[in-house]
Structure formats: structure tokens, C-alpha cells
Amino acid sequence: MPAPEARRLIADYAAWEVVSPDAALVLDASLLESSHSISFWDALIVEAARRAGADVLLTEDLQHGQSFGGITIQNPFHGLDEDVR
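What you are looking at is a predicted structure, and each value in this text was computed from that prediction instead of being measured.

(A) Spatial organisation of helix α2 (residues 23-36). Under the 1.5 Å per step criterion, the end-to-end length of α2 is 20 Å for 14 residues, consistent within 8% with the ideal 20 Å. If you check which residues of α2 are buried, you get Leu25, Ala29 and Leu32. Projected onto a plane normal to the axis of α2, the buried residues spread over an arc of 60° and lie on a single side. Along α2, the residues that are exposed and aim more than 90 degrees away from the buried face are Ala23, Leu27, Leu31, Ser34 and Ser35. On its buried face, α2 is in contact with α3 (40-51) and β2 (67-68). Taking the backbone nitrogen of alanine 24 as reference, a side-chain oxygen 3.3 Å away marks aspartate 22 as the first, capping residue of α2. Directly beyond the C-terminal end of α2, a positive phi value near 50° is found at serine 37.

Parameters at a glance
- Residues numbered from 1 in each chain as written.
- Predicted model: local features only at pLDDT ≥ 70, side-chain atom pairs only at ≥ 80, totals over all residues.
- Heavy atoms only, no water.
- Helix = DSSP H or I, 4+ residues; strand = E, 2+ residues; numbered from the N terminus.
- Expected span 1.5 Å × (residues − 1).
- Buried < 20%, exposed > 50% of the residue type's maximum accessible area, 1.4 Å probe, protein only.
- Arc of directions from axis to C-beta.
- Contact = heavy atoms within 4.5 Å.
- Polar contact = N/O pair within 3.5 Å; in protein donor to acceptor, adjacent residues only side chain to side chain.

What follows is the structure, encoded as C-alpha cells:
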């Protein structure tokens, strides 16, 4: 990859919100796990996304269209034929 392109890519990633796990995040994830019957690890990802201010979370591990407190789940493979995946 050419250096200018690599720098642009790194700059794009640097603009993303970094969410560090802490006790409050773990507790919120635990509550979400219990209230929505999802795995703790999925709940931790949802809570981190919420904390980062995301509106959409791309994942194939949760139900497409499901919503958690303002975050909508989108499966990037939703609607694709199995052969295309």
C-alpha cells in the first residue's frame, strides 16, 4: 500500500471513538444480557457501540433489524443468497 494511502487510512481510523471497558460498561452489558436474552459478549459490543454514539451496529450475530436503546442491528449479509456469502 502506498504511504499516502496508509496515512489516510490511519487518519480515518484515528477519528473513531475508542471505548475502553470499565466496570460501568460491564454492568450495563450484564443488564442488557439479562433483559434481552443475548450473550454477554454481544451485550458488551452493543453497550460499547452505544457509548461510542453509534446508531447502527453491523453484525451477523444478532437479529437483523433488532434495536437496543437507539442502536439498530444490521446484518451485512441480510438478504444475500447463501451462494454469494
